[in-house]
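# Report on the structure
Read off the chains here:
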Amino acid sequence: MNIQPATREDAAAILHLQHRAYQREAELYNDWSIPPLTQTLDELLAEFDAYLILKASIDGQLVGAVRAQISDGICHIGRLMVEPSYQGRGIGQRLMQAIEAALVPTQCYELFTGDRSARNVALYEYLGYRTVRTAKLNAVVTLVYMQKDVVPSDNPQPEG
């Protein structure tokens, strides 16, 4: 698997991946109550100015993506998506680790996920995130906000 920064040329494929990931989750939970991501291609293209977007590919095929940005020392991570036919292969975990490695220094990492996917929450907990709050959006949707504090290194790297 190859993980590298996505480019604007990848935007259409990433948008298509977002729609497939939503479709798969809705089918898996037989829950069509949450509308699919309605982001347009132009909106996604604009994100390339503000976010680092990483993509994962296998044999040239896009199999995952994640985006993040640092603001006031906090790395905000979002839209972790994995191609439905490639789920369960550690792609999400490797994308999260790559974002964390790419966006340092930071004080902590923050993300949110919907509560209908215990699988997502379990992945983030496995990676060291903890729930810091929840926000109920409506009768079926609760967002789970998670955070991972950065532990300062006892052995700082020499400068230069």
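Rules and cut-offs
- Residues numbered from 1 in each chain as written.
- Predicted model: local features only at pLDDT ≥ 70, side-chain atom pairs only at ≥ 80, totals over all residues.
- Heavy atoms only, no water.
- Helix = DSSP H or I, 4+ residues; strand = E, 2+ residues; numbered from the N terminus.
- Buried < 20%, exposed > 50% of the residue type's maximum accessible area, 1.4 Å probe, protein only.
- Contact = heavy atoms within 4.5 Å.
- Areas by Shrake-Rupley, 256 points an atom, 1.4 Å probe, with all protein chains shown as cover.
- Salt bridge = Lys/Arg side-chain N within 4 Å of Asp/Glu carboxyl O.
- Core = buried A, V, L, I, M, F, W, Y, C linked by side-chain atoms within 4.5 Å.
- Expected span 1.5 Å × (residues − 1).

As annotated in an unreviewed UniProt entry, the protein is GCN5-related N-acetyltransferase from Oscillochloris trichoides DG-6.

## Considerations on the overall build of the protein
Within the protein, the secondary structure is distributed over 4 helices and 7 strands. For the protein, the sequential pattern of α-helices and β-strands runs β-α-α-β-β-β-α-β-α-β-β. Across the 160 residues that make up the protein, the buried fraction comes to 39%. By sequence separation, contacts in the protein at least 24 residues apart represent 62% of the contacts at least 6 residues apart. Put simply, the protein shows about 9,300 Å² of open surface, and 51% of that area lies on carbon and sulfur atoms.

## Examining the environment of Ser71
Relative to the helices and strands, Ser71 is located in strand S3 (residues 61-71). The class for Ser71 is partly exposed, based on a relative accessible area of 33%. Spatially, the C-alpha atom of Ser71 lies 9.0 Å from that of Thr106, the residues being 35 residues apart in sequence.

## Let's talk about the side chain of Glu83
Relative to the helices and strands, Glu83 resides in the loop between strand S4 (74-82) and helix H3 (91-102). Look past the residues within four positions of Glu83 in its chain and what remains in contact with it is Leu17, Arg20, Leu62 and Val63.

## Some remarks on the pattern of salt bridges
As enumerated under the stated definition, the model contains 7 salt bridges in all. Notably, a salt bridge pairs Arg8 with Asp49, separated by 2.5 Å at the nearest N-O pair. You can see Arg8 sitting in the loop between strand S1 (2-5) and helix H1 (11-29) and its partner Asp49 sitting in the loop between helix H2 (41-47) and strand S2 (52-58), a full 41 residues away along the chain. Given a relative accessible area of 38%, Arg8 falls into the partly exposed group. Arg67 is the partner of Glu47 in a salt bridge, and the nearest nitrogen-oxygen pair spans 2.6 Å. Linking Glu47 in helix H2 with Arg67 in strand S3, this pair joins segments that are 20 residues apart in sequence. Of the two residues, Glu47 and Arg67, both sit in the buried class. Within this structure, Glu47, Arg67 and Arg79 form a network of salt bridges that share partners.

## Regarding the nonpolar core
Side chains that are nonpolar tend, in soluble globular proteins, to be buried together. Residues Ile77, Ile99 and Tyr129 are the most contacted members of the largest nonpolar core, which totals 22 residues. For this core, the elements supplying multiple residues, two or more each, are S2, S3, S4, H3, strand S5 (108-114), helix H4 (118-126) and strand S7 (142-149). The leading source of residues in this core is H3, at 4 residues. Beyond its immediate chain neighbours, meaning those up to four positions away, Tyr129 contacts Ile77, Met96, Glu100, Tyr109, Leu111, Tyr124, Met146, Gln147 and Lys148. Grouped together as the second largest cluster of nonpolar side chains are 12 residues, Ala11, Ala21, Ala65 and Met81 included.

## Regarding H3
For H3, built from 12 residues, the straight-helix expectation of 16 Å at 1.5 Å per residue is met to within 8% by its first-to-last C-alpha distance of 16 Å. Every buried residue of H3 is listed here: Ile91, Gly92, Leu95, Met96, Ile99 and Glu100.

## Observations concerning unusual backbone geometry
With a phi angle near 50°, Asp59 is a residue other than glycine that sits in the positive phi range. Its identity as a non-glycine residue notwithstanding, Arg79 has a phi of 50°, on the positive side. Considering the arrangement of structural elements, one finds Arg79 in strand S4. The class of Arg79 is partly exposed, set by a relative accessible area of 29%.

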